Amino acid sequence: MFPAPPALSRRRLLAGLLALAAGSALPPLTARAESGEILTREVPVTGESLPLVGLGSWITFNVGNDPALLEACTAVMAAFFADGGRMIDSSPMYGSSQATIGHALAELDAVDRVYAADKIWTSSPSEGPSQVEASRHDWGVPRFDLLQVHNLVAWERNLETLQAMKAEGEIRHVGITTSHGRRHDAIERILREAEIDFLQLTYNIVDREAEERLLPLARERGIGVIANRPFQQKRLIRRLEGKPLPEWAAEIDAGTWAQFILKFIISHPAVSCAIPATTRVEHVRENLATAREPLPDAELRQRMADYVQAL
């Protein structure tokens, strides 16, 4: 069973629609970023350079067929592309999120703008190819740029399926995912032994276990890293709400806690892309604005982490 669509408050929905009516939410897709070029980082094993901030779709895009909510998600994706974003990540586990993305890509005529990242999520690997085809149909893309084994479910056989599809040119890149800091020992073994292009895991300013082994190993192997749950599904933002940003946050142009956290994540040299999810245009623009100079160096990153830990 798919999870039910989230219940978005009427007040929140109306606020988003008012932003649309004001004309600020749907910039032309040819618009340039206002303050410098968006920063990218190359994934050595693929040769792909990706913007450092992407877009997740867990919960936020699971809106069913609600016309107003579909319009709001389309506005988010329009702003995302206009400000230089490329990678959008989804999964068959995310309810109607894949169809929501497909709806927006069609409405925006933006199939050629997206780096389409999805997942295979089945404990019956024989069903993998048909699941991938259903996902591709929902997205409306000719092929996926990246397919990942979701949370290591039947990972050996599902990864074999994805690698065979890559060999046939049906997908471009393959990877694995985990979340909540789980299964790091298994992830390390896969990084050392398997042929993969990307690792997706939980990494943020307080969830830093990956710094010990996985991020250095991924960098050593030339494997791209996608950072999920950057805000711990808003729990981290709520924890910091009302607490002051340090004055020195201005040195890296971090004007909000969300920007402070994202600047920390994407400044790690192993991270290829962070994928915060949102339902609001102003938040996707706020997030993408972090993928610009300046980024913190190693000394400042430690200062940032220490500051948050002390709050």
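Everything here concerns the structure above.
In this report, the structure presented in the accompanying data block is examined. (Residues numbered from 1 in each chain as written. Predicted model: local features only at pLDDT ≥ 70, side-chain atom pairs only at ≥ 80, totals over all residues. Heavy atoms only, no water.)

Some remarks on the environment of alanine 291
- With respect to the secondary-structure elements, alanine 291 resides in the loop between α10 (281–288) and α11 (298–310).
- For alanine 291, a relative accessible area of 0% corresponds to the buried category.
- Taking C-alpha positions, alanine 291 is 9.5 Å from cysteine 273, a pair spaced 18 residues apart along the chain.
- Ignoring sequence-local partners within four residues, the contact set of alanine 291 consists of Glu37, Ile38, Leu39, Leu52, Val53 and Ile266. (Helix = DSSP H or I, 4+ residues; strand = E, 2+ residues; numbered from the N terminus. Buried < 20%, exposed > 50% of the residue type's maximum accessible area, 1.4 Å probe, protein only. Contact = heavy atoms within 4.5 Å.)

As for the pairing of strand β1 (residues 40–43)
- On β1, burial follows the alternation: Arg41 and Val43 on one face are buried, whereas Thr40 and Glu42 on the facing-out side are not.
- As defined by bridge partners, β1 adjoins strand β2 (residues 48–51) across four bridges and the pair is classed as antiparallel. What sits directly across from threonine 40, in β2, is proline 51.
- Counted along the chain from β1 to the antiparallel partner β2, the turn is four residues long, and its residue glycine 47 has a positive phi close to 80 degrees. (Pairing = 2+ DSSP bridges.)

Observations concerning the pairing of strand β4 (residues 115–120)
- Among the six residues that make up β4, six are buried, leaving the element largely enclosed by the rest of the structure.
- With three bridges joining them, strand β3 (residues 87–89) and β4 adopt parallel strand pairing. Note on β4: the bridge partner recorded for methionine 87 is tyrosine 115.
- In terms of strand pairing, β4 meets strand β5 (residues 144–149) through four bridges, oriented parallel.

Here's the deal with the pattern of salt bridges
- In total, this model carries 13 salt bridges according to the counting rule given.
- Notably, a salt bridge pairs aspartate 89 with lysine 119, separated by 2.5 Å at the nearest N-O pair. With aspartate 89 in strand β3 and lysine 119 in strand β4, this pair connects stretches of sequence that are 30 residues apart. Accessibility assignment for this pair places aspartate 89 and lysine 119 in one class, buried.
- Among the salt bridges present, the one from glutamate 211 reaches arginine 208, with a minimum N-O distance of 2.9 Å.
- Residue glutamate 211 is classed as partly exposed on the basis of its relative accessible area, which comes to 21%.
- Three or more residues are tied together by salt bridges with common partners; here these are Glu48, Arg86, Asp145 and Arg172. (Salt bridge = Lys/Arg side-chain N within 4 Å of Asp/Glu carboxyl O.)

Here's the deal with the packing of helix α3 (residues 97–108) against helix α4 (residues 128–139)
- Running from amino to carboxyl end, α3 crosses α4 at an angle of 35 degrees, the nearest separation of the two axes being 6 Å. Each of Gln98, Ala99, Ile101, Gly102 and Leu105 in α3 lies in contact with α4, whose residues at this interface are Ser135, Asp138 and Trp139.
- Its residues assigned to classes, the contact of α3 with α4 comprises four nonpolar, three polar and one charged. (Axes fitted to C-alpha atoms, helices over the stretch in contact; angles between N-to-C directions. Nonpolar A, V, L, I, M, F, W, Y, C, P; charged D, E, K, R; others polar.)

Concerning helix α9 (residues 257–266)
- Within α9, 10 of the 10 residues are buried, leaving the element largely enclosed by the surrounding structure.
- Turning to α9, its buried residues are Trp257, Ala258, Gln259, Phe260, Ile261, Leu262, Lys263, Phe264, Ile265 and Ile266.
- Looking at the buried side of α9, the elements it contacts are β1, β8 (224–228), α8 (235–240), β9 (271–274), α10 and α11.

Brief notes about the packing of aromatic side chains
- On inspection of all chains with the given rule, the structure shows nine aromatic pairs.
- Ring centres 5.5 Å apart and planes at 85 degrees place the aromatic pair tryptophan 139 and phenylalanine 144 in the edge-to-face group. Per residue, the accessibility class of tryptophan 139 equals that of phenylalanine 144, and both read buried.
- With 6.0 Å between their ring centres and 50 degrees between their planes, tryptophan 248 and phenylalanine 260 make a pair best called tilted. Within this pair, whereas tryptophan 248 is found in the loop between α8 and α9, its partner phenylalanine 260 is found in helix α9, the two being separated by 12 residues in sequence.
- The class of phenylalanine 260 is buried, set by a relative accessible area of 0%. (Phe/Tyr/Trp six-rings, centres within 6.5 Å; stacked < 30°, edge-to-face > 60°.)

Examining the sheet that holds strand β7 (residues 198–202)
- Taken together, seven strands build an open sheet; the order of strands is β3-β4-β5-β6-β7-β8-β9 and the sheet is parallel. Taken across any chain shown, the strands that pair with only one partner, and hence form the sheet edges, are β3 and β9. Going from strand to strand, the sheet's axes swing by 30 degrees on average, the running direction of each strand aside.
- Both β5 and strand β6 (residues 171–177) contribute to a ladder of five bridges, which runs parallel. Bridge pairing in β6 places leucine 146 opposite histidine 173.

Considerations on unusual backbone geometry
- Note that the residue after glutamate 293, namely proline 294, is joined by a cis bond; omega there is 0 degrees.
- Notably, aspartate 109 is not glycine yet its phi reads approximately 50 degrees, a positive angle.
- Here aspartate 109 shows up in the loop between α3 and β4.
- Residue classification places aspartate 109 among the exposed residues on the basis of a relative accessible area of 66%.

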